[in-house]
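Descriptive structure summary
Listed below are the residues making up each chain.
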Amino acid sequence: MTKKFRAYTLNEFIVRQQNAFPYATGDLTRLLGHIGIASKIVNREVNMAGLVDILGETGTENIQGESVKKLDAFANDQFKSILGSSIEVCGLVTEEEKDLVSFESDLSREGKYIVCMDPLDGSSNIDVNVSIGTIFSIYRRISEIGSASVEKDFLQPGTKQVAAGYVLYGSSTMLVYTTGMGVTGFTLDPSIGEFFLSHAKIVMPAEGRFYSINEGNYINFPQGVKQYIKYCQVDDPSTNRPYTSRYVGSLVADFHRNMLKGGIYIYPETTSMPEGKLRLTYECNPIAFLAEQSGGIATNGRGRRILEIPPESIHQRTPFFTGSPKMMKQAEDFMQLYA
Ligand code: AHM
Ligand code: MG
């Protein structure tokens, strides 16, 4: 007998989740729906990238001093435009813009949420057809409803996130998110342009075999990280070592694999980047929320929970360690031992 199969779309699922809260207004549901729509538009462009002349540098630099690819700019414009016309959102911080974007229409000022996002992460992979992603994080504003959003709305610790997630533009396109009730994954059916529930409750294995780090920076790593990498490479069948090195160079892709299969992702501070590379508000916090909600851990490598770091500026960087709890403990132990 064939098993009965009920295909849930992203929208159906988030509405059902909302119904679990009798006083929910539906604002967050609509906001997540808007992110889903914008991501489908970005997905279409990402898929067309090899066909149309959209690749290459725009010739401008983002505020991190990195060159902006055309698709980064496109994704930024899309999300800004869709979130800007979404009355649930009053403001946005994105990797591509130096200052926060405050949506000023009377309706958007009434919005109770703010969004921090990296519209297209993994920029070095865009024009070589390697997986890239969108990362987003949603908070309730602190400022008064009806006024313009202000910086303090965006400087809340990650523990205050209401929802967070990513879209992975990979061999298939997935939207993965959490509202603090576990992690759920949806896969896009490109033939009808709909996200369907494909991963009902994602649980990160307690330990794994993948370690993901840019070993090209080895010489500049802290001693604890160097020692941990050596530990990963030792032949010890009783602990499943040597582990396997996997590094795409797109945080979303590396994290997604490690969350499903078990592993650890590390972007530590280096001598040339003493604060690390990744941004706290729109890269590390959303990924840390997903990591914890799936049973994993996310720290700065020195025992500090990412979600508890109070951001001091919207583009702040932090060293980032995240992954399976047993691997994280081992890595943290090395960091402490060689501090
Ligand atoms: P980006 O925001 O410029 O794309 O940089 C973030 C990316 C992450 O996705 C990835 O994990 C990391 O930078 C890779 O950096 P590196 O090339 O230094 O290994
Ligand atoms: Mg980025």
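To be clear, the structure that these remarks concern was listed above.
Note that this is a predicted model, so its numbers are computed, not measured.

The next subject is the sheet that holds strand S14 (residues 297-299). Across the sheet, five strands lie side by side as S12-S11-S13-S15-S14; this open sheet has mixed pairing. Unpaired on one side and paired on the other, strand S12 (244-245) and S14 mark the two borders of the sheet. The pairing of S14 with strand S15 (residues 320-323) spans three bridges and is antiparallel. From the neighbouring strand, isoleucine 297 faces S15, where its bridge partner is glycine 323. This element, helix H9 (residues 325-337), spans strand S11 (210-212), strand S13 (263-267), S14 and S15 of the sheet and lies at about 150° to S15.

For the rest of this paragraph, the subject is the environment of glutamate 110. On the secondary structure map, glutamate 110 appears in the loop between helix H4 (106-109) and strand S5 (113-121). On the basis of relative accessible area, glutamate 110 is assigned to the partly exposed category, the value being 47%. For the pair formed by glutamate 110 and glutamate 88, sequence separation is 22 residues and the distance between their alpha carbons is 7.4 Å.

Here we take up the nonpolar core. One finds Leu31, Leu83, Ile138 and Tyr177 to be the most contacted residues of the largest nonpolar core, which totals 37 residues. Looking at which element gives the most residues to this core, the answer is helix H2 (residues 27-48), with seven residues. Grouped together as the second largest cluster of nonpolar side chains are 29 residues, Tyr166, Ile202, Leu278 and Leu280 included.

On to the coordination of the magnesium ion (ligand 2). Bound to the magnesium ion (ligand 2) on the protein side are Glu95 (OE), Asp118 (OD), Asp121 (OD) and Glu283 (OE), at distances that span 1.9 to 2.3 Å. Motif for the magnesium ion (ligand 2), donor spacing along one chain: E-x22-D-x2-D-x161-E. With glutamate 95 in the loop between strand S3 (89-94) and strand S4 (101-102) and glutamate 283 in helix H8 (residues 280-293), the pair connects residues that are 188 residues apart, well separated along the chain. We classify glutamate 283 as buried; its relative accessible area is 1%.

Parameters and conventions
Counting restarts for each chain, with residues numbered from 1 along the sequence as it is written. Numbering of ligands from 1 and lettering of chains from A proceed in the order in which they are written. Given that this is a predicted model, residues contribute local features only at a pLDDT of at least 70 and side-chain atom pairs are listed and counted only at 80 or more, while totals for whole chains, interfaces and linings are drawn from all residues. Excluding hydrogens and water, the side-chain values take into account all heavy atoms of the structure. Only strands that DSSP links by at least two bridges are regarded as paired with each other. Only DSSP runs of H or I with at least four residues qualify as helices, and only runs of E with at least two residues qualify as strands; both kinds are numbered from the N terminus onward. Contacts are assigned to residue pairs with any non-hydrogen atoms lying within 4.5 Å of each other. In this analysis an axis means a line fitted to C-alpha atoms, helices contributing only their contacting stretch, and an angle means the value between N-to-C directions, from 0 to 180 degrees. Accessible area is worked out with a 1.4 Å probe on protein chains only. A residue is then buried under 20% of its type maximum, exposed over 50%, and partly exposed in between. Residues enter a nonpolar core if they are buried and are Ala, Val, Leu, Ile, Met, Phe, Trp, Tyr or Cys, with the set joined through side-chain atoms within 4.5 Å. Here a donor is an N, O or S atom found within 2.8 Å of the metal, or within 3.2 Å if the metal is Na, K or Ca; sites may look incomplete because water is not among the atoms.

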